[in-house]
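These are the residues of each chain, in order.
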Amino acid sequence: MRPLLAICLSVLVLGTVQAYMWFVQSLPEGPGVQQISRPASQDHRLEIVATFDILPDAFSDESLTVLLLGQPVFRSQQPIPAGTVIRVDQLPGLVQGDNEFYVRATAPYDEQEVPRAVRVRAFRGDQVLDDITLWVRAAGEPVEGTVRLRVEPEQAQPEHEH
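Residues numbered from 1 in each chain as written. Predicted model: local features only at pLDDT ≥ 70, side-chain atom pairs only at ≥ 80, totals over all residues. Heavy atoms only, no water.

Examining the environment of Leu94
Put simply, the rule reads: The secondary structure listing takes helices from DSSP runs of H or I that are at least 4 residues long and strands from runs of E that are at least 2 residues long, numbered from the N terminus. Burial classification: accessible surface area is computed with a 1.4 Å probe over protein chains only, and a residue below 20% of its type maximum counts as buried, one above 50% as exposed, and the rest as partly exposed.
Along the polypeptide, Leu94 turns up in the loop between strand S4 (86-88) and strand S5 (97-105). Classification of Leu94 by relative accessible area gives buried; the value is 5%. A sequence separation of 50 residues divides Leu94 from His44, and the C-alpha atoms of the two residues are 8.5 Å apart.

A look at the pattern of salt bridges
For the record, the criterion: Salt bridge, as used here, is a side-chain nitrogen of Lys or Arg placed within 4 Å of a carboxyl oxygen of Asp or Glu.
Throughout the structure, instances matching the rule amount to ten salt bridges. Glu47 is the salt-bridge partner of Arg45, the closest N and O atoms lying 3.5 Å from each other. Taking relative accessible area as the criterion, Arg45 reaches 11% and is therefore assigned buried. You can call Glu47 buried: its relative accessible area is 15%. Here Arg119 ties to Asp131 by a salt bridge, and the two come within 2.6 Å at their closest N and O atoms. With Arg119 in strand S6 (residues 117-124) and Asp131 in strand S7 (residues 127-135), the pair connects residues that are twelve residues apart, well separated along the chain. Residue classification places Asp131 among the partly exposed residues on the basis of a relative accessible area of 37%.

Here we look at a nonpolar patch on the surface
Spelled out, the test is: Any residue with relative accessible area above 30% and no salt bridge may belong to a patch, with like charges joined within 9 Å and the nonpolar Val, Leu, Ile, Met, Phe, Trp and Tyr side chains within 5 Å. Residue burial considers only the protein chains on display, and all accessible areas are found by Shrake-Rupley using a 1.4 Å probe.
A surface patch of nonpolar side chains, amounting to about 670 Å² of accessible area, comprises Val13, Val17, Tyr20, Met21, Phe23, Val24 and Leu27. Note that Met21 resides in helix H1 (residues 2-26).

Topic: the pairing of strand S1 (residues 44-50)
On any regular strand, side chains alternate: one points to one face of the sheet, the next to the other face. Convention followed: Pairing between strands is defined by DSSP: at least two bridges between them are needed.
The buried count for S1 comes to six of seven residues, which makes it a mostly enclosed element. As defined by bridge partners, S1 adjoins S6 across seven bridges and the pair is classed as antiparallel. Note that in S6 the partner of Leu46 across the bridge is Ala122. Two strands pair when backbone bridges link them, and S1 and S4 are joined in this way by three bridges, in the antiparallel orientation. When the bridges of S4 are listed, Ile48 appears paired with Ile86.

Details of the sheet that holds S7
Rule in force here: Only the stretch in contact is used when a helix axis is fitted, and all axes are lines through C-alpha atoms; the angle between N-to-C directions ranges over 0 to 180 degrees.
The four strands are arranged S4-S1-S6-S7 in an open sheet whose pairing can be described as antiparallel. The sheet is open, and its two borders are formed by S4 and S7, each paired with just one other strand. Averaged over neighbouring strand pairs, the angle between their axes works out to 20° when direction is ignored.

Thoughts on unusual backbone geometry
A positive phi angle, near 65°, is found at Asp61, a position not held by glycine. Secondary-structure assignment places Asp61 in the loop between S1 and strand S2 (64-68). Looking at Asp61, the relative accessible area reads 46%, which means it is partly exposed. One non-glycine residue, Leu69, adopts positive backbone phi at about 50°. Summarising the element assignment, Leu69 is placed in the loop between S2 and strand S3 (71-76). For Leu69, a relative accessible area of 47% translates into the label partly exposed.

Observations regarding the sheet that holds S2
As summarised here, the arrangement of the four strands in space is S3-S2-S5-S8, forming an open sheet in which the pairing is antiparallel. Every other strand in the sheet has two partners, leaving S3 and strand S8 (143-151) as the edge strands with one partner each. In this sheet, adjacent strand axes meet at a mean angle of 15° when their direction is disregarded.

Quick notes on the pairing of S5
One ladder, built from five bridges, connects S2 with S5; its direction is antiparallel. The partner of Thr65 across the bridge, within S5, is Arg104. Both S5 and S8 contribute to a ladder of nine bridges, which runs antiparallel. Its bridge partner being in S8, Glu100 is matched across the sheet by Arg148.

As structure tokens, this is what we get:
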């Protein structure tokens with residue numbers, strides 16, 4: 001009697017699941033969700049300064065990489081002396097709303113635990129929107145991290161009557 005009850009309950013559960021699957025497949029397609037992203041104005045820029053000499057990586061030959069939402073906006077294969085201001089004026093793909101930059105700077109290998117940092121500043125015109133400092137985690141590792149930037153929609157300028 002118990003095996004028969006177990007079989008009946010199993011058939012009932014599996015039948016219910018199958019009926020639910022048929023029901024879901026019979027539903028009409030919804031409109032879906034569309035992400036509408038508006039490009040940000042062109043007066044945004046990044047400034048990057050390192051406290052150490054940025055050298056090309058032995059494996060990828062890149063010394064400094066900046067990605068915006070996974071797309072490259074700046075790459076350098078040349079050594080960059082400490083304190084040099086790297087200015088990235090073209091930020092294709094920057095949109096109104098949330099943006100994320102990935103910055104990776106290759107530090108020279110050193111046995112000592114010397115603090116190393118990369119300062120990333122985001123600007124709109126002359127206004128500083130964000131100022132982030134990325135630190136090295138351990139000796140011999142690159143300084144890398146993400147910088148999140150929220151770009152607010154631009155306010156329409158009121159027309160002045162003269």
